[in-house]
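A look at the structure
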Amino acid sequence: MKIAIVGAQGTGKTSLVDALRRALQADADVVECTTTESWSVEQHRRCDMTLLMGLDLPRQDRDQSPQPAQYDFQLRQVLSSHAIAYSVVYGTGQARTDCALQAIAYHRNPSSSRPRPTASPWQWCCDSCSDAACEHRLFTALVNNNQASVRP
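Quick caveat: nothing in here was measured; it's all calculated off a predicted structure. (Residues numbered from 1 in each chain as written. Predicted model: local features only at pLDDT ≥ 70, side-chain atom pairs only at ≥ 80, totals over all residues. Heavy atoms only, no water.)

The next subject is helix α1 (residues 13-24). With 12 residues, α1 should cover 16 Å at 1.5 Å per step; its first-to-last C-alpha distance of 16 Å lies within 8% of that length. At the exit of α1 stands Gln25, carrying a positive phi of roughly 50 degrees. (Helix = DSSP H or I, 4+ residues; strand = E, 2+ residues; numbered from the N terminus. Expected span 1.5 Å × (residues − 1).)

Let's shift gears to helix α4 (residues 94-108). For α4, spanning 15 residues, the distance from its first C-alpha to its last is 21 Å, which sits close to the expected 21 Å at 1.5 Å a residue. All buried positions along α4 are accounted for by Arg96, Thr97, Ala100, Ala103 and Ile104. For α4, the angular spread of the buried residues around the axis is 125 degrees, confining them to a single face. For α4, exposure combined with an orientation more than 90 degrees from the buried face picks out Gln94 and Gln102. (Buried < 20%, exposed > 50% of the residue type's maximum accessible area, 1.4 Å probe, protein only. Arc of directions from axis to C-beta.)

In this section: the packing of α1 against α4. Contact geometry of α1 with α4 gives a least axis separation of 10 Å together with a crossing angle of 60 degrees. Taken together, the axes of α1 and α4 lie oblique to each other. The interaxial crossing formed by α1 with α4 has right-handed handedness. Residue-level contacts link Leu16, Ala19, Leu20, Ala23 and Leu24 of α1 to Arg96, Thr97, Ala100, Leu101 and Ile104 of α4. Partitioning the contact of α1 with α4 into residue classes produces 8 nonpolar, 1 polar and 1 charged. (Axes fitted to C-alpha atoms, helices over the stretch in contact; angles between N-to-C directions. Parallel < 35°, antiparallel > 145°, perpendicular 65-115°, else oblique. Left-handed = near helix turned anticlockwise from the far one by under 90°. Contact = heavy atoms within 4.5 Å. Nonpolar A, V, L, I, M, F, W, Y, C, P; charged D, E, K, R; others polar.)

The subject of this paragraph is the pairing of strand β1 (residues 2-6). Here is the key point about a regular strand: its side chains alternate between the two faces of the sheet. Among the 5 residues of β1, 4 are classified as buried, and the element is accordingly described as predominantly covered. In this sheet, strand β3 (residues 49-53) lies alongside β1 in parallel orientation, the contact comprising 4 bridges. By the bridge assignment for β3, Ile5 is matched with Leu51. (Pairing = 2+ DSSP bridges.)

Glancing now at the nonpolar core. Counting 15 residues, the largest nonpolar core has Ile3, Ile5, Leu20 and Leu51 as its most contacted members. Put simply, the parts of the chain that give this core at least two residues each are β1, α1, β3 and α4. Every residue in contact with Ile3, bar those within four places of it in the chain, is listed here: Leu24, Ala28, Asp29, Val30, Val31, Met49, Leu51 and Ile104. Judged by nonpolar contacts, the second largest core, of 6 residues, contains Val6, Val41, Leu75 and Ile84. (Core = buried A, V, L, I, M, F, W, Y, C linked by side-chain atoms within 4.5 Å.)

So, in structure tokens, the structure goes:
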């Protein structure tokens, strides 16, 4: 598995690459890259997954200009415009590594990595709910009711 790590300067890319290499050992090829350098978008597409560094770490430099935010915005635009899916990694230290490992585990096996809900999902009858599962249940029920009333 080849994993691309992208992010603005000062977001801990190098530290995460080192931590993931230690955690995954020979199980994955972890590469620090950006989509704006010679490591092009085409090469980026050859990766199995992309991890984008969040901007939650405190800035180490004295210059508090918005450059990391602008760079992060540009990275997201490039990734989105080329339909490259990515997961955002947040946290500090081991929490950041754990977040990345969780995203990698989900990417490897999406069905088993999701925790099973212990309670039944929240249900509400409304037409402005943004819960996709709720909307699907509502639509399915409406279609089934219409079909039942049309049948002889």
